[in-house]
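Examination of the molecular architecture
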There are 2 protein chains.
Amino acid sequence: MTIRAVVYGVGPIGQLIARVALEKGFDVVGAIDIDPQKVGKDLGEVLGLGKTLGIKVESDADKVLRDSNPDVVLHSTGSFFDEVYPQIMRAIRVGADVVSTCETLAWPWYRYPDLAELVDNYARNYGSTVLGAGVNPGFVFDVLPAVLSTTLTRLEKITVTRSLDASKRRYSFQKKIGLGMTPTQFREALGRGEITAHVGFAESVLLMASMMGLRLDKVEEGQEAIIADRHYETQYFRIEEGQVRGVVGHGSGFISDKEVIRVELRACVECEDFEEVRLMGEPSITWRSTGTSGDPATAAVIVNLAPRVLNARPGLVTLKDLVNYSYTA
Amino acid sequence: MTIRAVVYGVGPIGQLIARVALEKGFDVVGAIDIDPQKVGKDLGEVLGLGKTLGIKVESDADKVLRDSNPDVVLHSTGSFFDEVYPQIMRAIRVGADVVSTCETLAWPWYRYPDLAELVDNYARNYGSTVLGAGVNPGFVFDVLPAVLSTTLTRLEKITVTRSLDASKRRYSFQKKIGLGMTPTQFREALGRGEITAHVGFAESVLLMASMMGLRLDKVEEGQEAIIADRHYETQYFRIEEGQVRGVVGHGSGFISDKEVIRVELRACVECEDFEEVRLMGEPSITWRSTGTSGDPATAAVIVNLAPRVLNARPGLVTLKDLVNYSYTA
């Protein structure tokens, strides 16, 4: 069966998602974005495919969804569920399933418990499945360590480190981690929400814990700037000594004041590219990667999971519903 | 809810499984084995716990299963489904679910399609779930690479290497890989089934491919001896130059004569302990471990999955039913 998909959000990630969906033989039947630079253009042109697809990017989401009758909506417009839920409701209303990069939707009961209950109820009534996924939350900091934990008979602690060279990433990524700001500017911009750095540490911790059946007493998260000790330069930013070279952030899960889960992201200019999952207990083991490319991997997770979401139960689900394979506390 | 479990098979792996189940708070309500050295003894004594458990190891499986009314049977008596299926039927008959280390049960339709259909039918009629799992098949060569593949937008080939130092393993493992045999003895013993080396390469390849929706045209597997170039010694074997120091085996999956999956096991004296999963495509990535301890990890997988199998659909299921998260072809 060919999957009929609407791409909701045609920013950098949405464009990657659209490309991958097309490569994998999805029938892309609609594209939604509000950017005046894109509205009215053919999706093929926006993607730089060198050919038209007969699908115009449109800003009237209700019209696109009603006219195109999609099986699934591939949604990538924002990180915060309380900002994007009306978009997700529109997809639910036409009976489509939704796979979204919205980070806080990966475990929506943490930040938005009431909204999560409403949308869950709404989705069930329309027979629609809604899933938040991506590489992070969605893979490195939650699903992967949970799966790896299955080989442990006794688990003491999981730490996951993701380190990446921010200079290789797109402009909007470099901007959101505050490159070139002074430490004061960074703190203020982060506090005011003008830059977000990484969103979803707590969601990853809670998703992982839930997959393992671990009952956490407390979840914490935090981010701070990594300050340059010399001059650095990227394609987009010049960074002087004393300015922000990147960000280090973490999420932690505690049981009785003991940290049992720690996920840490280091994104900075000239940081090494790797992930490392350390599982401490019996038998302990460490897995290390050559580095997951964030943007393509996010698009991959979204598109690879889309056919699987079509067969999942209606409602607001999480990756716990798709992966029933983990250490069991 | 406390899980009532019967341990079926109290060999080296069964003992580990029993220990882990007890540690995790399972109510171990029965133990079955035919070894005269164990029958009649208290399970606590057999496990060397220094205390009795009030559970005797018994050889009459039907009686144990009938009297103990288990939720789940943790089964580890053999590698070949056509030899162990009557034991699994006994568990089904009392309505228990089964998690088994039987390697060929991880994808039973490869070697035993008719038997698999019969047992599937039988299990459905009794409302029982039957799963083959373990570390291998069950983790390193199938579930793990399938999960890791989710971050790829385009997959060309997956190769998995598991390398382990056989000198650190138990006697029966060292024996089954033919340590100290001449090359001729090895070939003959393997041909006659007197030693098995690793069982389940093809099952892993087929399970992984099925999780990804890859349609293979051909599956191959093979094993050969690694010959010592000097004297080696383990706790149990003396190996002279020219004798068997270990085994290298593989399973391969092909599409149109192109090898798209290759899993390889190197088990030899003084081999390095590690696993490596190489995912080639877009974006390529490699994950490498410090080495999975085979026996404890097998026990961990069996016991960690037991509560999850209790909630799975009746019938002969595979890990594909528990893990719906993978690259999608």
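All residue numbers refer to positions counted from 1 along the written sequence of the respective chain. Chains carry letters from A onward and ligands carry numbers from 1 onward, assigned in written order. Whole-chain, interface and lining totals are the exception, using all residues; otherwise, since this is a predicted model, local features are given only for residues with pLDDT of at least 70 and side-chain atom pairs are given and counted only at 80 or more. The side-chain numbers reported here are obtained from all heavy atoms of the structure, hydrogens and water having been left aside.

Looking at the pattern of salt bridges
Worth spelling out the cut-off: The term salt bridge refers to a side-chain nitrogen of Lys or Arg lying within 4 Å of a carboxyl oxygen of Asp or Glu. Going along the chain from the N terminus, every DSSP run of H or I of four or more residues is numbered as a helix, and every run of E of two or more is numbered as a strand. Residue burial is assigned from relative accessible area. The probe radius is 1.4 Å, only protein chains are included, and a residue is buried under 20% of its type maximum, exposed over 50%, and partly exposed in between.
Under the definition given, this model contains 54 salt bridges over all chains. Notably, a salt bridge pairs Arg93(A) with Asp62(A), separated by 3.8 Å at the nearest N-O pair. Placement of the pair is Arg93(A) in helix H4 (residues 81-93) and Asp62(A) in helix H3 (residues 61-68), with a sequence separation of 31 residues. A relative accessible area of 39% means that Arg93(A) is categorised as partly exposed. Of the charged contacts in the structure, one is a salt bridge between Lys218(B) and Asp257(B), with a shortest N-O distance of 3.9 Å. Of this pair, Lys218(B) sits in strand S8 (residues 218-227) while Asp257(B) sits in the loop between strand S11 (244-255) and strand S12 (258-268), and the two are 39 residues apart along the sequence. Here Lys218(B) falls in the partly exposed class, since its relative accessible area comes to 34%. What you see here is one network of salt bridges that share partners, running through Lys157(A), Glu259(A), Arg262(A) and Glu264(A).

Re the nonpolar core
The cut-off we apply is this: What makes a nonpolar core is a set of buried Ala, Val, Leu, Ile, Met, Phe, Trp, Tyr and Cys residues whose side-chain atoms join them at distances within 4.5 Å. Contact between two residues is taken to exist if any of their heavy atoms lie within 4.5 Å; hydrogens are not considered.
Core analysis: the largest hydrophobic core is formed by 179 residues, its most contacted members being Tyr325(A) and Tyr325(B). Contacts of Tyr325(A), omitting those with residues within four sequence positions, involve Ala146(A), Val147(A), Thr150(A), Gly138(B), Phe139(B), Val143(B), Val301(B), Leu305(B), Arg308(B), Leu319(B) and Val323(B).

Concerning the relation of the copies chain A and chain B
Two chain copies here: they are related by a rotation about an axis and a translation along the same axis. Stated formally: In this comparison the copies share one frame, found by least squares on the C-alpha atoms of residues holding pLDDT of at least 70 in both.
When chain A is fitted to chain B, the residual RMSD is 0.0 Å, and the transformation amounts to a turn of 180 degrees plus an axial shift of 0.0 Å. Taken together, the rotation and translation describe the operation of a two-fold axis. Looking at the rotation axis and the C-alpha trace of chain A, the residue lying nearest is Val323(A), at 2.3 Å.

Brief notes about the interface of chain A and chain B
Our working rule: Values labelled buried area give the accessible surface lost by two parts on being combined, using a 1.4 Å probe and summing over both. Between N or O atoms, a polar contact is any pair within 3.5 Å; within protein, one atom must be a potential hydrogen donor and the other a potential acceptor, and residues adjacent in sequence are included only when both atoms are from side chains.
The interface of chain A with chain B comprises 44 residues on the first partner and 44 residues on the second. Taken together, the two surfaces of chain A and chain B that pack against each other cover about 3,800 Å², and 61% of this comes from carbon and sulfur. The largest contributions to the chain A side of the interface with chain B come from Trp287(A), Arg308(A) and Tyr325(A), which together make up 21% of the buried area. Linking chain A to chain B there are zero salt bridges. Our count for the contact surface shared by chain A and chain B stands at 25 residue pairs in polar contact (both at pLDDT 80 or more). Those elements giving two or more residues to the side of chain A that touches chain B turn out to be helix H6 (143-148), helix H9 (201-212), strand S13 (274-282), strand S14 (285-289) and helix H10 (294-310) of chain A.

The values are spatial; any link to function lies outside them.
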